[in-house]
Amino acid sequence: MTKRKIKKAIKRLRKLPRGTAFFQYLSNKGKHFWMKASKSTKVAQPSTIMLELSAHCNIHCTVCPREYDYGKKMDQGFMDKEMAMKVIDENWAYLDSIGLTGMGETFLYRDIEEIVDYIRSKNKGIVISVSTNACAPKTLEYAGVLKDKIDTVQVSIDGLHETYNRIRIGSEFEKFSQNLKALSEMLKGSQTDLMLNMVVTKENYHQMAGMTSFAHEMGIPFLNFTLFNLASVTGIEKEYYDFYVSEEFLKARKELEAAKAGYPSVEVTFWDHNKKNGFRNCPFPWTHFYICWNGEVAPCCAKSFPKEMSFGNAFEKPLMEILNNEKYRNFRKMWFNNQNHPFCRKCHFIDLPRADQISNQ
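Residues numbered from 1 in each chain as written. Predicted model: local features only at pLDDT ≥ 70, side-chain atom pairs only at ≥ 80, totals over all residues. Heavy atoms only, no water.

**What about the layout of surface pockets?**
The condition is simple: Cavities and pockets are defined on a 1 Å grid built over the protein atoms alone: a cavity is a set of grid points where a 1.4 Å probe fits but cannot escape, while a pocket is an open set with protein on both sides within 12 Å along at least five of seven lines, and lining residues are those with an atom within 4 Å of any such point. Grid points are joined across faces, edges and corners, and a volume is the space filled by probe spheres set on the points. Here a strand is any run of E in DSSP of at least two residues, a helix any run of H or I of at least four, and the numbering for each starts at the N terminus. Gly falls in the polar group here, along with every residue not listed as nonpolar (Ala, Val, Leu, Ile, Met, Phe, Trp, Tyr, Cys, Pro) or charged (Asp, Glu, Lys, Arg).
Taken as a whole, the second largest pocket holds about 230 Å³ of empty space. If you tally residues by element for the lining of the second largest pocket, the top one is helix α1 (residues 3-14), at five residues. Within the lining of the second largest pocket, the residues separate by chemical class into two nonpolar, one polar and nine charged.

**A few points about the packing of aromatic side chains**
Here is the rule: Working definition: rings of Phe, Tyr and Trp (its six-membered ring) pair if their centres are within 6.5 Å, and the pair is stacked with planes under 30 degrees apart, edge-to-face with planes over 60 apart, and tilted otherwise. Only protein chains enter the accessibility calculation, which uses a 1.4 Å probe; a residue whose area is less than 20% of its type maximum is buried, one above 50% is exposed, and one in between is partly exposed.
Scanning the entire structure with this criterion turns up 27 aromatic pairs. A ring pair is formed by Phe 243 and Tyr 244, whose centres lie 5.8 Å apart and whose planes are at 65°; its orientation type is edge-to-face. Tyr 244 shares its class with Phe 243; the two are buried. Centroid distance Trp 286 to Phe 336: 5.4 Å. Interplanar angle 70°. Geometry classified as edge-to-face.

**Examining unusual backbone geometry**
Of note in this structure, His 161 is not a glycine but carries a positive phi near 55°. With relative accessibility at 52%, the residue His 161 sits in the exposed group. Unlike most non-glycine residues, His 288 shows phi in positive territory, near 50°. Here His 288 is to be found in the loop between β9 (267-270) and β10 (289-291). Taking relative accessible area as the criterion, His 288 reaches 35% and is therefore assigned partly exposed.

**Some details on the packing of helix α4 (residues 81-91) against helix α5 (residues 112-122)**
Between two packed helices, both the angle of their axes relative to each other and the distance between the axes serve to describe the pair. For the record, the criterion: For every element, the axis is a line fit to its C-alpha atoms; helices are fit only across the contacting stretch, and the angle between N-to-C directions ranges from 0 to 180 degrees. Throughout this description, any angle smaller than 35 degrees is read as roughly parallel, any larger than 145 degrees as roughly antiparallel, any in the 65 to 115 degree range as roughly perpendicular, and the remainder as oblique. Helix crossings are classified by the rotation of the near helix relative to the far one: an anticlockwise turn of less than a right angle makes the crossing left-handed, while a clockwise turn makes it right-handed. For this analysis, residues touch if any pair of their heavy atoms sits within 4.5 Å.
Between α4 and α5, whose axes approach to 11 Å, the crossing angle comes to 20°. As the angle between them shows, α4 and α5 are arranged roughly parallel. You can see that α4 and α5 cross each other, and the crossing is right-handed. Contacts from Lys 81, Ala 84, Met 85, Ile 88 and Asp 89 in α4 reach Glu 114, Ile 115, Tyr 118, Ile 119 and Lys 122 in α5. Of the residues contributing to the contact of α4 with α5, the split by class is six nonpolar, no polar and four charged.

Right, dumping it as structure tokens:
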């Protein structure tokens with residue numbers, strides 16, 4: 001477990017819900033473990049949910065599913081504030097964390113502070129995170145009012161200098177860097193962590209070590225790398241994943257490890273390769289339930305397009321009724337059988353090369 005996660009866990013333990021809600025919380029934890037042990041296709045009340053407050057974005061990134069066929073077909077909008085509160089009301093007593101993030105830019109959502117305050121009014125121990133491109137017009141304004149109210153601001157970066165400009169189209173690295181430096185200074189010493197996230201591709205993998213140096217220079221203590229998920233990317237087949245076990249990529253990984261040693265002030269995490277392939281690698285049938293801006297409950301954040309697949313609408317029915325309906329339970333049956341669902345084609349939980357394929361290089 002990383003230092004950042006330990007910090008969040010300690011906060012949660014110190015600020016568990018009180019009164020009747022405390023017994024609801026404990027009872028639900030017991031129910032969760034019993035269901036897991038009995039291999040039930042039902043789930044207990046969720047401990048983590050993701051609310052897609054915004055499906056709008058101000059830039060166009062080549063690593064974003066919005067820019068491919070599935071994303072271009074999706075409806076766009078902002079989550080109704082009252083509906084967001086309805087979902088929070090139903091679930092807050094059981095929640096450990098809420099991600100206020102989706103396919104859009106979170107800091108385009110004008111009621112973000114009110115939603116955060118509403119969550120905190122229920123229980124200040126619920127861990128709240130947001131993700132941002134850090135180049136929306138009100139980025140610094142919103143970050144300022146949310147300082148010490150949310151736990152993590154994750155900033156997507158995906159490259160340095162011209163590489164950044166080619167991938168994150170509509171943004172500009174120099175202006176982005178200025179915003180990022182201001183964010184770093186603003187959040188320094190606060191209860192809100194700042195973290196960089198880089199989606200590693202063939203275009204930017206050579207900058208992984210340099211990204212560690214950049215995070216150090218910016219005074220950002222957390223840096224995460226994840227691999228390009230092709231589940232909702234059209235025009236690129238799963239053979240792309242073979243690059244992640246190539247000699248040149250593994251060399252770049254070794255350079256990253258050396259950079260980590262040189263900058264101990266930066267905690268670096270990396271989305272690792274599968275130990276084995278298959279649907280059972282995926283945690284999303286069981287956790288991090290994703291509610292789209294219009295209430296539709298999509299299977300996951302990697303392909304959150306309800307026109308392709310939805311289990312129901314959380315604005316029309318209680319979330320728990322949806323999570324345990326027949327369609328969702330059949331989805332989990334496929335998980336138990338390690339039977340890949342067609343919706344999940346090309347997902348890196350299924351098709352990314354196994355860890356033993358790296359060790360044999």
